[in-house]
Amino acid sequence: MNQEKFKIVILGGGTAGWMTANLMAARWKDKNLHLTLVESPDVGVVGVGEGSTPSLQNFFQEIGVKDSEWMPKCNATYKNGITFEGWTSISGFERYCHPFPSPIDVHTFPKFDKNCQLRRHSFDVEAHPDRFFLGSYLSQNQRSPKANYNFPFDHPNGYHFDSGLLGKFLRNKAQQRGVEYLQRHVSGVKQKENGEVSSLIFNEEELLEADFFVDCTGFAGLLLQKTLKVPFISLDKVLFNDTAVVVATPRNENDVNSQTKSTALKYGWAWDIPLTSRTGNGYVFSSKYCTTEEAETEFRQHLGLLDADVDVKTVKWKQGRLEKSWSKNCLAVGLSQGFVEPIEAMALHLVYNSIGHFITEFENGNFTNQNQQRYNQITDRAFDGVVDYILAHYRMNSRRDTDYWRDNAENQNITPSFMAIVQSWLGASQNSLAEEIKKYDTGIFFPLVSWQILFAGYGVFPPQENIRPQSKRNQSVNMDELEDFIQRCGSNYGSHLNSLNSLR
């Protein structure tokens, strides 16, 4: 950069905008630049609770914020993983947990991998993932991911939090770091002759010029979609859900789950996200298969609130991504970049990954567009890998009770990478599952173990009538010893509720 301050404007607040501001301010604290975030005073926040992956833990560590500083202010709880209920009709696989990876897994994953291999070859062995991972044990027993002082391994954790409160907290931290904050309504965008954005136009013809702009305007996509005309690649034929009805309910005063719960319903699935102040609930569904009124009625029945006087909000979205996230002198982050439904809580993971990768590429390219193409290729590949994994939840389901579930199971709008991974698991490919994941580079966010947990959790194995007994050559894992090992490790993690109380 030259001696004059390099000006970056982030358009849009919310969690994505303020994560961008904080990370740029932290990583570029010694650079000669000025950061401004512009937020419309008219944009509200719809949030009943949101979940994350452990990437949010990494984000807070990077900006120097401890759990005790932000979690109480955002009604946050710890998250060890996600439990899926009712996604398959196969007996014995009515539910399973997708836990976050743990250092303890180095001892248990090989046993899970071995039993999966045997079960896929029709041997009578235990292969349900819940019995092989510490994270599943902690989730099922409302344990904290924070180990007692005499045990050396904390369990990597995500969080549940109030997204509106988190945005406010991050705004304050960013302002403390010197980020300028403007509340303005943007009435227009000015461009240079080469198509780059030169400035934002506010009411009464006020202009804000900058060298680079970050689009965090959500589904509005003001800069990249509407101004630069970057095409949007829709996923509506791949992933059917486009709406959610959301409601808050009182939390259990005596205990707090340390997991998100995802329960399959007739036309989609319902989330249960525990906060310290309440429980966030939502029903994600496809409006092609039921009306909002029908979904709300089913959701109320699911929650036992059919006749209750509660405020139910509706949120609509479009699934897909931009053809490129970085175009000219603009970068899209968050919902303006793309959206894939929240079943694996990947929204902030994608935000953190996108910002972090951009900061690296932009700086390495001397704050020019030199590395733009490489950034877009890597970011697109990561997003598409997430889509494959999300698709697997629907394509592999064995429910046949509604057209919604039948159509998902028979959906032919799938990618070659997804088909290759499934065929490998089913034994219809010469390549192993690990080889296919590596070949298509789909394991950036969901590695081998995540795919194995999903397939095994759904009970995607040869049918029970084809099961054969173990032989001396094909001995399975001693499950009693494994279960004892996990329980002994799990005893070193205390109550989730006590852990949260200690933060206050």
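All of the points below concern the structure found in this document. Quick caveat, the model's predicted, so the values are computed rather than measured.

### Examining the packing of aromatic side chains
Now for step 1: Scanning the entire structure with this criterion turns up 44 aromatic pairs.
Now for step 2: On the numbers, 5.3 Å between centres and 65 degrees between planes, the contact of Trp18 with Tyr181 is edge-to-face. One end of the pair, Trp18, is in helix H1 (residues 14-27); the other, Tyr181, is in strand E9 (residues 180-183), with 163 residues separating them in the sequence.
Now for step 3: On the basis of an interplanar angle of 50 degrees and a centroid distance of 5.6 Å, the ring pair of Tyr283 and Phe285 is categorised as tilted. Both residues of the pair, Tyr283 and Phe285, count as buried.
Now for step 4: The ring centre of Trp425 lies 4.4 Å from the NZ or CZ of Arg120, which sits over that ring.

### Structural notes on the nonpolar core
A general trend in soluble globular proteins is that nonpolar side chains are found buried together.
Now for step 1: Trp87, Tyr394, Met396, Trp451 and Phe455 are the most contacted members of the largest nonpolar core, which totals 69 residues.
Now for step 2: With 9 residues, helix H10 (residues 372-395) is the single largest residue contributor to this core.
Now for step 3: Listed in part, the 52 residues of the second largest apolar core include Trp18, Ala25, Tyr352 and Ile359.

### Topic: unusual backbone geometry
Now for step 1: If you check the backbone angles, Ser122 has positive phi at about 75 degrees while not being a glycine.
Now for step 2: The residue Ser122 is located in the loop between helix H4 (105-120) and helix H5 (134-140) in this model.
Now for step 3: A positive phi angle, close to 55 degrees, is found at Asp441, a residue other than glycine.
Now for step 4: The topology assignment puts Asp441 in the loop between helix H13 (433-440) and helix H14 (448-457).
Now for step 5: Classification of Asp441 as partly exposed rests on a relative accessible area of 29%.

### Regarding H13
Now for step 1: Where H13 is concerned, the buried positions are Leu433, Glu436 and Ile437. One face of H13 carries all of its buried residues, which in axial projection span an arc of 100 degrees. Opposite the packed face of H13, turned more than 90 degrees from it, sit the exposed residues Lys438 and Lys439.
Now for step 2: The inward-facing, buried residues of H13 abut helix H12 (416-425) and H14.
Now for step 3: Once H13 ends, the next one or two residues include Asp441, with phi positive near 55 degrees.

### Quick word on the sheet that holds strand E22 (residues 330-332)
Now for step 1: Taken together, 6 strands build an open sheet; the order of strands is E9-E2-E1-E13-E22-E21 and the sheet is mixed. Edge positions in the sheet fall to E9 and strand E21 (326-327), since each of these pairs with one other strand and no more.
Now for step 2: As paired elements, strand E1 (residues 6-11) and strand E2 (residues 33-39) share 6 bridges and run parallel to each other. Along E2, the bridge assignment pairs Ile10 with Leu37.
Now for step 3: Across the sheet, H1 lies against E1, E2, E9 and strand E13 (212-215), angled at about 170 degrees from E2, the strand it touches most.

The rules behind the values
Residues numbered from 1 in each chain as written. Predicted model: local features only at pLDDT ≥ 70, side-chain atom pairs only at ≥ 80, totals over all residues. Heavy atoms only, no water. Phe/Tyr/Trp six-rings, centres within 6.5 Å; stacked < 30°, edge-to-face > 60°. Helix = DSSP H or I, 4+ residues; strand = E, 2+ residues; numbered from the N terminus. Buried < 20%, exposed > 50% of the residue type's maximum accessible area, 1.4 Å probe, protein only. Lys NZ or Arg CZ within 6 Å of the ring centre and 35° of its normal. Core = buried A, V, L, I, M, F, W, Y, C linked by side-chain atoms within 4.5 Å. Arc of directions from axis to C-beta. Contact = heavy atoms within 4.5 Å. Pairing = 2+ DSSP bridges. Axes fitted to C-alpha atoms, helices over the stretch in contact; angles between N-to-C directions.

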